Structures are given as structure tokens and as C-alpha cells.
Amino acid sequence: GSSKYSHSAEVSCCFKYLMFSYNIIFWLAGAAFIAIGFWAWSEKGVLLDLTQVTRMHGLDPVWMVLVVGAITFILGFAGCVGALRENICLLKFFSGLIGFIFFLELTAAVLVVVFQGQVRDWINDFFLNNIKAYRDDIDLQNLIDSLQRLNQCCGAQEPNDWDRNVYFSCNGTHRSREKCGVPFSCCRKDPADTVINTQCGYDVRLKDDWMDIYTKGCIPALEDWLPGNMYTVAIVFIVISLLQMVGIYLARTLIAEIEKVKFNFH
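Just so it is clear, the model here is predicted, and its values are computed rather than measured. (Residues numbered from 1 in each chain as written. Predicted model: local features only at pLDDT ≥ 70, side-chain atom pairs only at ≥ 80, totals over all residues. Heavy atoms only, no water.)

Further remarks concern the pattern of salt bridges. This structure, assessed with the given rule, holds eleven salt bridges. Where Lys44 meets Asp139, a salt bridge forms, and the shortest distance between an N and an O atom there is 2.8 Å. Highlighted residues: Lys44 in the loop between helix H2 (13-43) and helix H3 (51-55) and Asp139 in helix H7 (residues 138-151), separated in sequence by 95 residues. Looking at Lys44, the relative accessible area reads 16%, which means it is buried. Among the salt bridges present, the one from Asp224 reaches Lys216, with a minimum N-O distance of 2.6 Å. A cluster of three or more residues bridged by salt bridges with shared partners is formed by Lys44, Asp60, Asp137 and Asp139. (Salt bridge = Lys/Arg side-chain N within 4 Å of Asp/Glu carboxyl O. Helix = DSSP H or I, 4+ residues; strand = E, 2+ residues; numbered from the N terminus. Buried < 20%, exposed > 50% of the residue type's maximum accessible area, 1.4 Å probe, protein only.)

Okay, here's the thing in C-alpha cells:
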């Protein structure tokens, strides 16, 4: 047994536990995301009827949470166990996966800059499809409402985009109470209101003036927001990249140390 102790004593504990602590955060975050995802699904009854998963026409935000959760969980697991067990395979998998994610981020950033027009059209279509599916999924509904409230916007390009939704559409013979209206998140908030008036958007588009609602679309609102907040966006990207670099550096250093110890050991 003594040779085993001298063998592990040579791998720097400092790097080993730095790597472990770095990853325990990933692991816990991943587990939390996955738990939140399944909780949201159980609230919607999706777990009882799994056909609902494929039936969504718009985006179900829970999917995003589950995918991010799964990736961070796998990363954290590989990093933690790799560091503690001094497992070179897991550590290589960890640094490879982070490297791959970093490469994907860079590629996405370059593509967004190069194909700005197409990206704008794609986001626009994506938003319109989700407007169509607004009432199909409660999480999607909340996401669109918070987007419209935060950015003080309504629809993709204009409030009339809500015609795409069967409940809000002005066309047709449907008897929906929301006909020719917009969701409450389009309404300009009256500071005197303490309770949200969820009916404030009823019949709004039948009126001549749209003083009570935001008339700017969410895509133009986003385009106006970006230039002023370029620094914020850049700083977020740089911080994420640095964290990824630290992870790769720790894993690589640990791999080199383990290999050195194994080589000396033999």
C-alpha cells in the first residue's frame, strides 16, 4: 500500500481540489436545472402524457432548461470524478467538451455578424411562430409576456402580429373575448395600478389610437437595445470564455501531472 500513497502524493492536491471545486458548481447547477425542468413538466402534466412533448408548435422553454442542465451536469460529473479519481479519460473528455462548446460559441458569434439579415429574419419568424402558439403552453406564454413587458414592445414587428394567434385575431368568426386585442403584457403600465389588469388589451386594435399599448415590435426593440448595451454583452462573453479557459487549463495541468506521476511511477 505504501507505493500507492507516494504515487498520489505527487499529484498536486491544490490543482486536484481546485478542479473539483470548479466542477462541483457545474454539477450542482446542472442537477438544479434538470430538477426545475422536470418539475415544470410535472406541473403541466407532461410527465403523465409524454405525447405532449412532441405536440408543442412553439418553443417549450423547459427544453432549453433541460438541455443546458444535462450538458452542465455531464461536464460537472466528468470534471469532479476525473479530478478525484485522477482519471485521464474523464479529464480529457471534460476539456474536449468545453473546447468544443467554446468553438461552437465562436462560430455562432461569427455567423451572427456575417449573416445579420438572415439572423434577423430567422428571429422574426421564430417569434411569429411562438405568437401563434402563445396559448398552447404556459411557460411559453410567461416567456413572451416577460419579453414584451421588459422591452416595452408588442408583437414581432408591430401589435398587428397578434392576428397570427387564433384567440387575438381580428379575422374570422371566432367568438373569443380577446378578438382584436393583445396580451396584457403589451399594455403601458399605469403607475397607479397595483394589480395587473389582465383585460387591458381587450379590443385595443379596434380603436383608432393605440395610446394604451406599446406600438414598437420586439425585434426593433431588441435592435435598439443592442448598440447601447454592447459593452454588457461583450463583458458577459469574455467572462464566460475566461471561465471556460480556466476549466481547460486546470484539466490540462492535472492531466500532465497525472501522466508525469504515472511515468515516474513506472
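The predicted model of the protein chain averages 89 in pLDDT, with 94% of residues at 70 or higher. Considering each helix and strand of the protein chain separately, the mean pLDDT is smallest for helix H1 (residues 2-9), with a value of 46, and largest for helix H5 (residues 88-114), with 95. Counted against residues more than four places away or in other chains, residues 1-8, with its pLDDT under 50, gives five contacts. (pLDDT = per-residue confidence, 0-100. Contact = heavy atoms within 4.5 Å.)

A few words now on the environment of Gln199. For Gln199, the location among the structural elements is in the loop between H7 and helix H8 (218-228). When its relative accessible area of 48% is taken as the criterion, Gln199 is described as partly exposed. Along the chain, Gln199 and Arg164 lie 35 residues apart, while their C-alpha atoms are 19 Å from each other.

Turning to the state of the cysteines, a few remarks are in order. Counted under the stated rule, the structure contains four disulfides. One disulfide in the model links Cys153 with Cys218; its S-S distance is 2.0 Å. Here Cys153 and Cys218 share a disulfide; its torsion about the S-S bond, 85 degrees, makes the bridge right-handed. With a gap of 65 residues between them, Cys153 in the loop between H7 and H8 and Cys218 in helix H8 connect regions that are remote in the sequence. Residue classification places Cys153 among the buried residues on the basis of a relative accessible area of 0%. Across the disulfide, Cys170 is cross-linked to Cys180 (sulfur-sulfur distance 1.8 Å). One quick way to see it: the torsion about the S-S bond of Cys170 and Cys180 is about 130 degrees, and its sign makes the bridge right-handed. Here Cys170 is found in the loop between H7 and H8, whereas its partner Cys180 is found in the loop between H7 and H8, with ten residues between them in sequence. Given a relative accessible area of 26%, Cys170 falls into the partly exposed group. (Disulfide = S-S within 2.5 Å.)

Those residues of H8 lying buried are Cys218, Ile219, Pro220 and Ala221. Close packing links the buried residues of H8 with helix H6 (116-132) and H7.

Within the largest apolar cluster, 21 residues are counted, with the highest numbers of intra-cluster contacts made by Phe127, Cys154, Trp162, Val182, Cys186 and Ile213. Sorting the residues of this core by element identifies H6, H7 and H8 as the ones contributing at least two each. Excluding residues within four positions of it along the chain, Val182 makes contact with Cys154, Pro159, Trp162, Phe168, Gly201, Val204, Arg205 and Ile213. Counting 18 residues, the second-largest nonpolar core is a separate cluster that includes Phe15, Ala83, Ile98 and Leu250. (Core = buried A, V, L, I, M, F, W, Y, C linked by side-chain atoms within 4.5 Å.)

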